[in-house]
Amino acid sequence: MGVVYDWKNDIDKLELNNICSFLKNGEIIVFPTETVYGIGGDAFNDNACRKIFMAKGRPSDNPLIVHVSDRKMLEKCVKNISELESKLIDAFMPGPFTLILPKNESVPGVVTANLNTVAIRMPKNMIATKIISSFGKPIAAPSANKSGKPSGTNILDIKDELKENVAAFIDGGNTEIGIESTVVRVVDNVPVILRPGAVTKEDIFNLVGKVKVDEHVLNEVKKEEVVLSPGMKHKHYSPRTQCILLDVSNEEKIEISSLIKNKNIAVIGLDIDAKIFEKVNFYSVGKDLKEFSKNIFSKLRELDVLNYNFILIESVGLDGIGLAIMNRLIRTCGYNVVNKKEQIIEYLEN
Ligand code: TXA
Ligand code: MG
């Protein structure tokens, strides 16, 4: 069991020294970023990176994100940066933004699953930045959760599932954004969103006047299909309990609400629908999409231990951060979507 350091109020200097020693010794740590918690180690140390894959139970063909604290450190990991890429870096780093760039020989193949590109992110969170800059080298870190489970947005949610292989957990409180960074790769001089996040397609379009959203952001990858990002193929954000995406009109919500009354079924949605679902097990994730993204993973973990037969999750619009939320929800629900109330009846009969 790793030690737990409470840095919610401030960063403890002695503990920071310990963290740097752990990293130097090839051990791995759990630390906060503004998106979700990361489970990280020395990006230039093969063994440390292998430990990360082991701790997560992550398939070795799914590469890690390399976290840096400044542009100089970023340049130590990559070969060349185009003008467009440079513009994206200047605008969105530090922040919830990851850019896929051609890697150089300093980044070991285990980090990038032997791809010739590397995913680079410069977090904005003060604790993350301080750890990376004090360590003086980039930190490879995927989201802190067992592979396939919802990402960790606070220490309590993830401590037990990761405790065996982690030297230290750094508690920085609840993460601000709650879902992972936007992953972008520039293809034919156009930024392509491989995973949407809090830096939105609108933000990128406003900056450079062009943006594409990869078709797999909202659609399932078919067998043998070639994808731009290995993570698209893998199971993600799934609790044990079956989840179903609810994409219906308000009138149908009212009907569904009476169909599931007195049943062992939960509904997750925004405050605005609390009234419609007042007679059922309704759980709000907040008043707007920002709160939705901040709270959804923790809410899924909370409900997963309550043994509901299934959980209905209300869909949201695709504008702004809505696209990122829907990208996660579709996967949480294993692509099961209800858009007519009759489909609920089928689930109730099964
Ligand atoms: O907000 C975040 O990005 C968090 C925090 C900890 O920084 N990290 C995170 O890492 O979400 P992870 O490993 O859970 O997701 C990284 C995603 C995966 O879908 C992976 O396939 C993709 O980035 N990725 C990594 N390297 C890539 C590469 N070279 N080419 C394409 N996709 C890559
Ligand atoms: Mg992840």
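What about the pairing of strand β15 (residues 310-314)?
Thought 1: Most of β15 is tucked away, with five of its five residues classed as buried.
Thought 2: Alternating positions in β15 separate into two faces, F310, L312 and E314 on one and I311 and I313 on the other, with burial throughout.
Thought 3: Relative to β15, strand β12 (residues 242-246) runs parallel, the two sharing five bridges. Pairing of I244 across the sheet is with L312, part of β15.
Thought 4: Both strand β13 (residues 265-269) and β15 contribute to a ladder of four bridges, which runs parallel. Across the sheet, I268 pairs through a bridge with I313, a residue of β15.

What about the sheet that holds strand β3 (residues 38-42)?
Thought 1: Strand order in this open sheet of 11 strands is β1-β8-β2-β3-β7-β4-β6-β5-β9-β10-β11, and the pairing throughout is mixed. Every interior strand has two partners, whereas the edge strands, β1 (3-6) and β11 (212-213), have only one.
Thought 2: Set on the sheet, helix α8 (residues 201-208) makes contact with β5 (97-102), β9 (182-187), β10 (190-195) and β11; between it and β10 the angle comes to about 170°.

Some thoughts on the nonpolar core
Thought 1: If you look at the biggest cluster of nonpolar residues, it comprises 62 residues, and the most contacted ones within it are I19, V30 and I131.
Thought 2: Aside from chain neighbours lying at most four places away, what touches I19 is Y5, W7, I29, I131, A168 and I170.
Thought 3: One finds L245, Y283, V285 and L300 within the second-largest nonpolar core, a separate group that totals 26 residues.

Thoughts on the site of ligand 1
Thought 1: Not every one of the 25 residues close to ligand 1 is listed here, only the nearest: T35, N62, H67, S181 and G231.
Thought 2: Side-chain polar atom of N62 to an oxygen atom of ligand 1: 2.6 Å apart, as the coordinates give it.
Thought 3: One of the side-chain N or O atoms of T117 is found 3.0 Å from a nitrogen atom in ligand 1.
Thought 4: Protein chains shield 97% of the accessible area of ligand 1, which is 690 Å² for the free molecule.
Thought 5: If you list the elements that add at least two residues to the shell around ligand 1, you get β4 (65-67) and β6 (117-121).
Thought 6: In terms of residue count, the dominant contributor to the shell around ligand 1 is β6 (four residues).
Thought 7: In terms of residue class, the shell around ligand 1 is made up of 12 nonpolar, nine polar and four charged.

Digging into the packing of aromatic side chains
Thought 1: Counting across every chain of the model gives six aromatic pairs.
Thought 2: Look at F92 and F97: their rings are 5.2 Å apart centre to centre, the planes differ by 45°, and that puts the pair in the tilted class. The pair formed by F92 and F97 is uniform in burial state, with each residue classed as buried.

Considerations on the domain arrangement of the chain
Thought 1: Each assigned domain of the chain is listed with its residue range as follows: domain 1 (3-177) and domain 2 (243-349).
Thought 2: Summed over both sides, the interface of domain 1 with domain 2 buries roughly 800 Å², with 47% coming from carbon and sulfur.
Thought 3: Per-residue buried area on domain 1 facing domain 2 is highest for P150, D157 and I177; these three make up 52% of the total on that side.
Thought 4: Among the residues making up the side of domain 1 that touches domain 2, the classes are represented as three nonpolar, five polar and four charged.

Notes on helix α9 (residues 250-259)
Thought 1: By the burial criterion, the buried members of α9 are E252, K253, I256 and S257. Angularly, the buried residues of α9 cover 145° about the axis, an arc narrow enough to put them on a single face. Among the exposed residues of α9, those oriented more than 90 degrees off its buried face are E251, I254 and S258.
Thought 2: The inward-facing, buried residues of α9 contact β12, β15 and α12 (341-349).

Points about the pattern of salt bridges
Thought 1: Here the structure, examined in full by the defined rule, presents 19 salt bridges.
Thought 2: With a closest N to O distance of 3.0 Å, R71 and E75 form a salt bridge. Of this pair, R71 and E75 both sit in helix α3 (residues 71-75), four residues apart, roughly one helical turn.
Thought 3: R71 sits in the partly exposed class, given a relative accessible area of 25%.
Thought 4: On the basis of relative accessibility, which here comes to 40%, the residue E75 falls in the partly exposed class.
Thought 5: The partner of K253 in a salt bridge is E314, and the shortest N-O contact between them spans 2.7 Å. Taken together, the positions of K253 in helix α9 and E314 in strand β15 put the pair 61 residues apart, joining distant regions of the chain.
Thought 6: In this structure K253 comes out as buried when scored by relative accessible area, which is 11%.
Thought 7: Classification of E314 as buried rests on a relative accessible area of 3%.

Reading guide: rules and limits
- Residues numbered from 1 in each chain as written.
- Chains lettered and ligands numbered in written order.
- Predicted model: local features only at pLDDT ≥ 70, side-chain atom pairs only at ≥ 80, totals over all residues.
- Heavy atoms only, no water.
- Buried < 20%, exposed > 50% of the residue type's maximum accessible area, 1.4 Å probe, protein only.
- Helix = DSSP H or I, 4+ residues; strand = E, 2+ residues; numbered from the N terminus.
- Pairing = 2+ DSSP bridges.
- Contact = heavy atoms within 4.5 Å.
- Axes fitted to C-alpha atoms, helices over the stretch in contact; angles between N-to-C directions.
- Core = buried A, V, L, I, M, F, W, Y, C linked by side-chain atoms within 4.5 Å.
- Near = heavy atom within 4 Å.
- Polar contact = N/O pair within 3.5 Å; in protein donor to acceptor, adjacent residues only side chain to side chain.
- Areas by Shrake-Rupley, 256 points an atom, 1.4 Å probe, with all protein chains shown as cover.
- Nonpolar A, V, L, I, M, F, W, Y, C, P; charged D, E, K, R; others polar.
- Phe/Tyr/Trp six-rings, centres within 6.5 Å; stacked < 30°, edge-to-face > 60°.
- Domains from an automatic or database assignment.
- Buried area = accessible area lost by both parts, 1.4 Å probe.
- Arc of directions from axis to C-beta.
- Salt bridge = Lys/Arg side-chain N within 4 Å of Asp/Glu carboxyl O.

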